[in-house]
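Working through the structure, step by step
One-letter residues, chain by chain:
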Amino acid sequence: MKKFIFVLMITASLLIIFFSSVYITREFTKVITFSSMGDMWSLLALREDSPLARFAEVDINDFKSPPYPERGDMLVNIDGLPSTLENYFTIFNVDTPAGEEMVITYLHDNEIFTTTVITRSIPVLLKLQVWILVILRTLISAGLILVGLWGFLKRPHASPVRTLTMFCYTLALSMTFTSPAIAPVYASFQIPNTIILIFMVLTFFTPAFWLKLHMLFPARKSYYVKRRLFFNLILFIPGTVFGAVLIITSKQMVLTANIYQTLFLALGYVLLISNYRKAESFIEKRQTRLVLWGSAPGIIFAILFSWLMQFYGYLFIELSLVTRLLISNILFLLMLMIPVSLAYAFGRYKLLSVEAKFRRGTRFIAVNLFLLLIFIGFLYLFGELILKHIDINSQTPTLILGIGLAFLFMPTQRKIRTRLEKHFYPERVRLRSLLKDFLSSNIVRTDRDEFWKELEEKLIDGLSAERVYPVLRVGDKGCFSVELAEPAPFDIRDEIVRKLSNGDNPILIDELIASGKIVLSAEQEEWFLQRKSAILLPLITKSGLVGFLVISCKTTGEDFTAEELELLENLCAQTALVAENLELLGEKLEKEKLQEQMRVAREIQKGLLPGIIPDLPGLEVGALIRFCLDVAGDYYDIIPLDDDRTVLSIGDVAGKGVGAALLMANLQASLRTTQAMGVSLSESAEKINKLVFENTPSDMFITFFLVLVDSKKGTLRYVNAGHNPPFLIGRKDGVKLLSEGGILFGVLEDALYTEGGIEFNQEDILLMYTDGVCEAMNLSEEEYGEKRLAKLVAANRKLPLAELLQLIEDEVALFHESDIYEDDFTLLAARLKHG
């Protein structure tokens, strides 16, 4: 049985799609022909069985010169032929050009008059209305068919979905047949009338499928399940009868059909409202409410219009064609909401957001129609009664009044909408006022924590929400945290974050999950559940997603309203802008704080380095240091012990900033203390290493070289703790590397260090340096290297030390092609003075 029903539904879908496409294509050919041909645009009530045609509307632009017929006059003949329906379309056909003259005869007050008609192209206003009509019909029909087909293909074996599909199909056919403003003779091809009648029969079942839909959705009614056959007979017998009468007699039982349609559609709305009140979840309530808002304006308008046509159709006929088309277009515009509401309701996504747009659109149309009717009535009274009463035939006063009313239209509309909102939605007005005052007072706020706290208070007060959690992106990282404090289980690669980044509308979490739009991780589901999360409010600026607000459920246990969601949507961009400004301000303050720390560290470091190199009796010393940052990790010191002995040291701390500066201060103090105690260099190195190990993090260490120069004995005693081996360059022995010692400070607590010893002769030069010198790279990423450095020093070792060190800096800068270095750059040199 399921397979049979499936095949039947597919067959029906294909037939309806094919027929609707052909029929709508025919309608477009009619409009295209109608828009390009020449015709008389004074409207006639033509009949096949009468040689006379009544002027229903007269446009004097159709006539070459007076006399002009008046409304109600009878056209006797056209170009010598009786004014029958057949003769009219023979004379005014698709090949009739604009500008052709034809003589007509008409009857006015029982007198015969003759005048000349000049054919012309369709007036612009009429052409616009006709095109809008056909396009709207096409959009509604296509939308309904696509929604029905989409629903069926997603759940082909669900009875409620099949009912929804058939309702969409039959309503689409109704819209296809409604308001054919142009005669079929203008079409490029014709469809057999029998085929049209067969598909027209299906439209009688639209009310039946509407009523049945609400017996099945959102859950099957128990009374329908128990008496399914009985209810199906009650539902579909009337449509079958009307269809049979139409096929047999080619006539419609208009009054009876109106009663049937009105009754079934009204009962459907009674069930829809009942379903809304009994809905067990917020999503079901939103679904039923969205269908109500999306369908009620159009269907109620259509029912009222059909009854007005039933009893007062002659009044409608008296209106101008443009006015009649305008009314039809308003009806179709309202009907366009139906496929949209059904699509979103079935998809269970953006329900509140779409409902808010429907409500706003309905209010806009209602207010504008109300004002339009008042203004038209006012102009009619002024023109027809006042001016004629005082015997003024000129239309100028009416035109001036119309222009004045046009200027008043928009301000009046805004005032009416504002008053309606205050009357019907006072809570919305209050919430808007709260948020407006809050945002206007926080444009220049500097306290980030205070801003989020106050925003939470306003939203809790205005929405009755339990809590509000600002989840913000942490700098340039891909992670998020609550108020940049508590980590949140979200990452820029997550599906939900990408969803938030792609739109600036509020997202209801239950809709997001129910619609299957995204899949949350177990951790994310638990995070939302713990916070009773209801709404996600993306905060997006031009730079992208800066975070999102998580709004908890209401303390009252109620759902959020469409109006509240609309206000939150307006809040998104403004809050995002303030949040980004606060973030930038926080970064600025953090930068200023860091700069202050750097300034303090710089002062510390300045106090560590020798301000003036001491004048030593037997030793010449030179030093140079260049920093890559405000505070460097490099260090050197000169400690005279007596007239003959001097301790020189150079080091490189693995770190920058205040921490590195303080560590250097401790290092200097320890070195000077141990040297004052008279301990050996190796013991001094071991004590310093232990101190560094115990008082620094595991990722902070020091490379260090210290040497005791005895100028009287001409010797060097040194310890190298993992530092770049200094050069001892002599006249005869070339370059010697001083590498004896041990590992760098801070790696092993009980590391041992050995001393090295070597002669220090006249004309020898000792050069100590940090890795920033040799590791400076050129554009080819080639390092300057120890060999170049040693060769340069050997070639220029007789220069004064200050000049030698400056030469080294210049040569390295030339090689590096910049005087800005990626690492600190320190040189310390010594040699014996000539005795």
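Values in this document were obtained by computation on a predicted structure and should not be read as measured data. (Residues numbered from 1 in each chain as written. Predicted model: local features only at pLDDT ≥ 70, side-chain atom pairs only at ≥ 80, totals over all residues. Heavy atoms only, no water.)

Let us look at the sheet that holds strand β19 (residues 734-737). Spatial strand order, β13-β23-β22-β18-β19: five strands in an open sheet with antiparallel pairing. Looking at the sheet topology across the chains shown, the edges are occupied by β13 (619-626) and β19. The mean angle between the axes of side-by-side strands here comes to 20°, regardless of whether they run parallel or antiparallel. Of the strands in this sheet, β18 (727-730), β19 and β22 (765-769) are in contact with helix α24 (residues 785-795), which crosses β18 at around 35°. Across the sheet, helix α25 (residues 801-816) lies against β13, β22 and β23 (825-832), angled at about 30° from β13, the strand it touches most. (Pairing = 2+ DSSP bridges. Helix = DSSP H or I, 4+ residues; strand = E, 2+ residues; numbered from the N terminus. Axes fitted to C-alpha atoms, helices over the stretch in contact; angles between N-to-C directions. Contact = heavy atoms within 4.5 Å.)

Secondary-structure assignment places Pro238 in helix α8 (residues 228-249). Overall, Pro238 belongs to the partly exposed group, its relative accessible area being 21%. For the pair Pro238 and Tyr260, spaced 22 residues apart in sequence, the C-alpha to C-alpha distance is 7.5 Å. (Buried < 20%, exposed > 50% of the residue type's maximum accessible area, 1.4 Å probe, protein only.)

For the rest of this paragraph, the subject is the packing of helix α1 (residues 2-36) against helix α4 (residues 159-177). Relative to each other, α1 and α4 sit at 20°, their axes nearing to 11 Å. Judged by the angle between their axes, α1 and α4 are roughly parallel. For the crossing formed where α1 meets α4, the hand is left-handed. Counted together, Ile5, Met9, Ser13, Ile16, Phe19, Ser20, Tyr23 and Ile24 of α1 and Arg162, Thr165, Met166, Tyr169, Leu173, Thr176 and Phe177 of α4 form the full contact between these two elements. (Parallel < 35°, antiparallel > 145°, perpendicular 65-115°, else oblique. Left-handed = near helix turned anticlockwise from the far one by under 90°.)

It is worth spelling out the packing of aromatic side chains at this point. Across all of its chains, the model carries 37 aromatic pairs by this definition. Arranged with centres 5.6 Å apart and planes meeting at 80°, the rings of Trp527 and Phe528 form a pair that is edge-to-face. Put simply, the rings of Phe34, Trp41, Tyr88, Phe89, Phe92 and Tyr186 pair up and form one aromatic cluster. The ring of Tyr23 carries Arg26 above its face, with NZ or CZ at 4.9 Å from the centroid. (Phe/Tyr/Trp six-rings, centres within 6.5 Å; stacked < 30°, edge-to-face > 60°. Lys NZ or Arg CZ within 6 Å of the ring centre and 35° of its normal.)

This model, assessed by the stated rule, comprises 23 salt bridges. Residue Asp510 pairs with Arg286 through a salt bridge whose shortest N-O separation is 3.0 Å. Here the residue Asp510 occupies a position in helix α18 (residues 509-514), and Arg286 occupies one in helix α10 (residues 282-318), the gap between them amounting to 224 residues. With a relative accessible area of 27%, Asp510 lands in the partly exposed category. Here Asp642 and Arg645 are joined by a salt bridge, their closest N and O atoms 3.0 Å apart. Through salt bridges with shared partners, one network takes in Arg26, Glu27, Lys30 and Arg137. (Salt bridge = Lys/Arg side-chain N within 4 Å of Asp/Glu carboxyl O.)

Before going further, it helps to spend a moment on helix α22 (residues 681-695). Relative to the 21 Å expected for 15 residues at 1.5 Å per residue, α22 spans 21 Å between its end C-alpha atoms, a close match to the ideal helical length. The complete set of buried residues in α22 reads Leu681, Ser682, Ser684, Ala685, Ile688, Asn689 and Val692. Mapping the buried residues of α22 onto a view down its axis gives an arc of 155°, with all of them on the same face. (Expected span 1.5 Å × (residues − 1). Arc of directions from axis to C-beta.)

With that out of the way, let us pick up unusual backbone geometry. As a rule of thumb, non-glycine residues mostly have phi less than zero, and peptide bonds are mostly trans rather than cis. Cis geometry marks the peptide bond from Pro66 to Pro67; its omega dihedral reads 5°. Looking at the element boundaries, Pro67 is found in the loop between β2 (53-57) and β3 (74-78). Each neighbour pair has its own omega, and for Phe217 with Pro218 the value is 0°, a cis peptide bond. With respect to the helices and strands, Pro218 occurs in the loop between α6 (206-216) and α7 (222-226). Even without being glycine, Asp109 reaches a positive phi, approximately 50°. Along the chain, Asp109 falls in the loop between β5 (101-108) and β6 (111-118).

Attention shifts here to the layout of surface pockets. For the second largest pocket, the calculated volume is near 810 Å³. In this structure, the second largest pocket is lined by 23 residues; those nearest its centre are Phe316, Leu319, Thr323, Ile327 and Leu373. Of all the secondary structure elements, the ones that give two or more residues to the lining of the second largest pocket are α3 (124-154), α10, α11 (321-335) and α13 (351-389). Per-element tally for the lining of the second largest pocket: the top contributor is α10, with eight residues. The residue inventory of the lining of the second largest pocket, partitioned by class, reads 20 nonpolar, three polar and no charged. (1 Å grid on protein atoms, 1.4 Å probe; cavity = no way out; pocket = protein on both sides within 12 Å on 5 of 7 lines; lining within 4 Å. Points joined across faces, edges and corners; volume = space filled by probe spheres on them. Nonpolar A, V, L, I, M, F, W, Y, C, P; charged D, E, K, R; others polar.)

As far as function goes, none of this settles anything; it's purely spatial.
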